[in-house]
Amino acid sequence: MTKPKVFEKPTGVKDYLPHAVAKMRRIERSVLECMRLWGYDQIMTPTMEYYDTVGVASATSDQKLFKLLNQRGTTIVLRSDMTAPIARVVGSLLKDKPFPIRLSYHGNVFRAFEEEGGREAEFLQTGVELVGDSSPEADAEVIALAIASLQAAGVPSFKIAMGHVGFLNGLFQETLPGRESEQEALKACLLQRDHVGYRDVIRKLSLDAAWQRELEDILRLRGGQEVCAQALELSANESAQAAIKHLCEVWDVLEAYGIQEHVLIDLTMIGDFSYYTGMTFEGYASHLGFPVCSGGRYDNLLAQFGRPAQATGFALKTTRILEVVEDTADEGERTLIVYEQEFRREALQDAARRRVAGESVLAVLETSEEDSELIAAKAWNRSGAFLYHGTSYNQLVLIGKKSEGLA
Amino acid sequence: MTVNGGMSVANSGILKVAMPKGRIYKQASKLFRQAGLPIPEDFDDSRRLIIQVPEANMEFIMAKPVDVPTYVEYGVADIGIVGKDVLMEENKDVYELLDLGIAKCRMSVIGMPDWKPVIHPRVATKYPSVASQYFREQGQQVEVIKLNGSIELAPLIGLADRIVDMVETGQTLRENGLVEMETLFQVTSRLIANRVSYRLKNTAIQELCDRLGVAISERV
């Protein structure tokens, strides 16, 4: 490889300039505050974890993990999500804390060779985990909190699609008993969003016409609560029925929250089968081609950290939300103090008083009376902002012999 | 950061359709008309890049075929029409909703009639990712050479001993004294959709799918 130019940085990572950071911090603050109001306490975990523990347990495929070796030759990963590290904490530091445990987080995660558009290798996620509760109320709570968080972040309009991995698992076991590889093929098609491939596989199965129709029809199972009723008719399989009943109950709770208008049911919406065990969901904002949040139930993860428990949660893709949230004009007031040398003490003390009062203040020494920018600032007519050395200010305070009147 | 103009239009009621220019376009627009969508014939040869079709509540983005999945993945187009060959090569995260059954052809391995295994096999193709995956799965070690056109030339002038390319009628192959050796997969055009549009504009997309579905089954 040729030596990079001095301004280059590795592919997929970004610098964020003050304007973007201010916006990011606003989103982060409002979302974390929203989560706190729902009873979730924020936790921080390290950026690096062992490959053999958190790396293997995470939902991220092996080739997308950033791996490095520590000085002893042990493989380390940069965390690819926050869920597996939190499961580790719940199973260790918090092992005596009774369930349910509600935790929130905000942090950077890393994915190598991200195949989705954007291909960011490092991005921010803000989310929650609700550990030790298997009820429909718990699933509805994380969906409701996801909606509240998107609203708190300022995402103007969005939709949540909700599914359940148990329905398809049950339906396929019923229609294709014992034919594991064919079941896997159908799931793989749905996971890759390949409806054409899905129909092709079904046609090659030589099922009777009714079953074939039924399997094809699930591609159209989308909508509100009526979808649950249709799905209950479709499969007599026990786990499929249980899945639908669970979804119906989640829907009832969402209705009680009064937020069902934001949610649609889509039974082909499945997450990774090896990771998710129940309800799964994804959030979509208009003006953005990629999902803004995703989540679901993962009842098998905690057992890998020695404390088996049901769990559910979600993550907001905060870096992407940044793109859809409107800029707020509120940049905060900023004051410029310009002082003459012999008035340094007064000026700096004045600046300190103003800062205590919450004002953002820059105090500078007047170096020359011919400073054209300062002359322009002095001529400023006190309406709106003025620029001084590339920064915008709302107030000018002059401290010196000649300008006592002005201060 | 503000949302750019194109993206905001994609979220109004209008369905943005990425259409491949050239070979597939004529067949696709004919299929749309058969499905009862008032797509006028006269812009078939238009040089415009963005074409409004208010009668159908659609906007057509005329794209180079290989770029269609990219527009759809990023959501600047809600849906698109693209050959399975491009989908296999580009591997984008989009919904593949419908096999339109048009622009039928196949992806094949092609060589000279007297082809014999060589020590350092070389395969020329416009589809390097498809080709290398195929030969890897066959347990063959080949060097894949990416070319951008006139693939048939490669075996004739000794750049490669075989090629992987699309075959429609086989006319070009015969004219150049080449033969089809194996078929990788059949290719037709597909209707694809963006992940977010598929949810947020589901009614419009599903209705289009249904109408196209009827038109396709009536053709067969």
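Calculation notes
Residues numbered from 1 in each chain as written. Chains lettered and ligands numbered in written order. Predicted model: local features only at pLDDT ≥ 70, side-chain atom pairs only at ≥ 80, totals over all residues. UniProt positions renumbered as here; feature names shortened; annotations may be inferred. Helix = DSSP H or I, 4+ residues; strand = E, 2+ residues; numbered from the N terminus. Pairing = 2+ DSSP bridges. Axes fitted to C-alpha atoms, helices over the stretch in contact; angles between N-to-C directions. Contact = placed C-beta atoms within 7 Å. Domains from an automatic or database assignment. Parallel < 35°, antiparallel > 145°, perpendicular 65-115°, else oblique. Left-handed = near helix turned anticlockwise from the far one by under 90°. Nonpolar A, V, L, I, M, F, W, Y, C, P; charged D, E, K, R; others polar. Right-handed = clockwise from strand over helix to strand, strands pointing away. Buried ≥ 20, exposed ≤ 12 C-beta atoms within 10 Å, placed from the backbone. pLDDT = per-residue confidence, 0-100.

Looking at an unreviewed UniProt entry, chain B carries the name ATP phosphoribosyltransferase, with the source organism given as Cohnella lupini. According to UniProt, the comment filed for chain B under the heading Pathway (unreviewed entry) is "Amino-acid biosynthesis; L-histidine biosynthesis; L-histidine from 5-phospho-alpha-D-ribose 1-diphosphate: step 1/9." The UniProt entry for chain B carries the following comment under Function (unreviewed entry): "Catalyzes the condensation of ATP and 5-phosphoribose 1-diphosphate to form N'-(5'-phosphoribosyl)-ATP (PR-ATP). Has a crucial role in the pathway because the rate of histidine biosynthesis seems to be controlled primarily by regulation of HisG enzymatic activity."

Chain A is annotated in an unreviewed UniProt entry as ATP phosphoribosyltransferase regulatory subunit of Cohnella lupini. The UniProt entry for chain A carries the following text under Pathway (unreviewed entry): "Amino-acid biosynthesis; L-histidine biosynthesis; L-histidine from 5-phospho-alpha-D-ribose 1-diphosphate: step 1/9." Quoted verbatim from the Function (unreviewed entry) field of the UniProt record, the comment on chain A reads "Required for the first step of histidine biosynthesis. May allow the feedback regulation of ATP phosphoribosyltransferase activity by histidine."

Trainee: Would you mind showing me how to read the UniProt feature "domain: ATP phosphoribosyltransferase catalytic" (unreviewed entry) in chain B here?
Mentor: UniProt marks residues 64–212 of chain B with the feature "domain: ATP phosphoribosyltransferase catalytic" (unreviewed entry), using the numbering shown here. Within residues 64–212 of chain B, the helical portion is 34% and the strand portion 30%, while the C-alpha atoms at the span's ends are 22 Å from each other.

Trainee: Any chance you could explain the sheet that holds strand β11 (residues 189–193) of chain B here in plain terms?
Mentor: The strands making up a sheet are joined through hydrogen bonds of the backbone, oriented either antiparallel or parallel. The six strands are arranged β2-β3-β1-β4-β11-β5 (chain B) in an open sheet whose pairing can be described as mixed. On the outer flanks of this sheet lie β2 (50–53) and β5 (95–99) of chain B, each paired with one strand and no other. Strand-to-strand twist in this sheet, taken as the mean axis angle between neighbours without regard to direction, amounts to 25 degrees. Note that β2(B) and strand β3 (residues 58–63) of chain B share four bridges and pair antiparallel. Across the sheet, residue B:Ile51 finds its bridge partner in β3(B), namely B:Phe60. Each of β5 and β11 of chain B is contacted by helix α7 (residues 195–203) of chain A, which is oriented at about 55 degrees to β5(B), the strand it contacts most. Across the sheet, helix α2 (residues 23–34) of chain B lies against β1 (15–20), β4 (79–83) and β11 of chain B, angled at about 135 degrees from β1(B), the strand it touches most.

Trainee: Would you mind showing me how to read the domain arrangement of chain A here?
Mentor: Accessible area lost during the coming together of the parts is what is often quoted as the interface size. The domain architecture assigned to chain A consists of domain 1 (18–324) and domain 2 (334–399). Distance from the C-alpha centre of domain 1 of chain A to the C-alpha centre of domain 2 of chain A: 51 Å.

Trainee: Can you help me understand the sheet that holds strand β3 (residues 66–69) of chain A in this one?
Mentor: All names here are of chain A. Within the open sheet, the three strands sit side by side as β2-β4-β3. Their pairing is antiparallel. In this open sheet, the two edge strands, each paired with only one partner strand, are β2 (48–50) and β3. Pairwise comparison of adjacent strand axes, ignoring direction, gives a mean angle of 40 degrees for this sheet.

Trainee: Before we go on, may I ask you to explain the packing of helix α5 (residues 165–175) of chain A against helix α10 (residues 238–257) of chain A in this structure?
Mentor: Helices that pack against each other are described as a pair by the angle of their axes relative to one another and the distance between those axes. All names here are of chain A. Contact geometry for α5 and α10: axes closest at 7 Å, N-to-C directions at 155 degrees. Between α5 and α10, the interaxial angle falls into the category roughly antiparallel. Along this stretch, α5 crosses α10, giving a crossing that reads as left-handed. Together, Gly166, Phe167, Asn169, Gly170, Leu171 and Glu174 of α5 and Glu238, Ser239, Ala240, Ala242, Ala243 and Ile244 of α10 make up the contact between the two elements. When the residues that make up the contact of α5 with α10 are grouped by side-chain class, the tally is six nonpolar, four polar and two charged.

Trainee: Would you explain the pairing of strand β13 (residues 334–339) of chain A in this entry?
Mentor: As a general feature of sheets, a regular strand has side chains that alternate between the two faces. Residues and elements named next belong to chain A. Note: β13 against strand β14 (residues 360–365), six bridges, orientation parallel. Bridge assignment links Ile337 to a residue of β14, and that residue is Ala363. For the crossover from β13 across helix α12 (residues 344–356) to β14, the handedness is right-handed.

Trainee: Please explain the domain arrangement of chain B as it appears in this structure.
Mentor: Residue and element names in this part refer to chain B. Domain parsing of chain B yields domain 1 (5–103 + 188–219) and domain 2 (105–187). When each unit is reduced to the centre of its C-alpha atoms, the spacing between domain 1 and domain 2 is 30 Å. Take the side of domain 1 that touches domain 2: its biggest share by element is four residues, from helix α4 (residues 84–90).

Trainee: Looking at this structure, how should I read unusual backbone geometry?
Mentor: It is generally the case that most residues other than glycine have a negative phi and that most peptide bonds are trans. In the segment running from A:Phe99 into A:Pro100, the intervening peptide bond is cis, with an omega of -5 degrees. Mapping A:Pro100 onto the fold places it in the loop between α3 (83–91) and β5 (101–110). Phi at B:Asn91 is positive, roughly 55 degrees, even though this residue is not glycine. Residue placement: B:Asn91 occurs in the loop between α4 and β5. The phi angle at B:Ala103 is positive, at roughly 50 degrees, despite the residue not being glycine. As for its position among the elements, B:Ala103 is in the loop between β5 and β6 (105–111). Note on B:Ala103: 23 C-beta atoms within 10 Å, which makes it buried.

Trainee: Which parts of the structure should I look at to understand the confidence of the model for chain A?
Mentor: Regions with low pLDDT carry predicted coordinates that are not meant to be interpreted in detail. Overall, the prediction assigns chain A a mean pLDDT of 89, with 96% of residues at 70 or greater. Summarising per-element confidence for chain A, the mean pLDDT is lowest in helix α13 (residues 372–378) of chain A (78) and highest in helix α4 (residues 136–153) of chain A (97).

Trainee: Explain the pairing of strand β9 (residues 162–167) of chain B here, please?
Mentor: Residues and elements named next belong to chain B. Across six bridges, the pairing between β6 and β9 is antiparallel. Counted as the bridge partner of Val109 is Val164 from β9. In terms of strand pairing, strand β7 (residues 122–125) meets β9 through three bridges, oriented parallel. By the bridge assignment, Ala124 is partnered in β9 with Ile163.

Trainee: Any chance you could explain the UniProt feature "binding site: L-histidine" (unreviewed entry) in chain A here in plain terms?
Mentor: Residues and elements named next belong to chain A. In the UniProt entry, the feature "binding site: L-histidine" (unreviewed entry) is given for Asp81, Met82, Thr83, Arg111, Gln125, Glu129, Tyr275 and Tyr276. By secondary structure assignment, the location of Met82 is in the loop between β4 (75–78) and α3. Discounting residues that sit within four places of it in the chain, Met82 has contacts with Thr45, Tyr105, Gly107, Val109, Gln125, Gly127 and Ala315. Inspection of the secondary structure assignment puts Tyr275 in the loop between β9 (263–266) and β10 (279–285). Excluding anything up to four places from it in sequence, Tyr275 contacts Ala59 and Tyr298.

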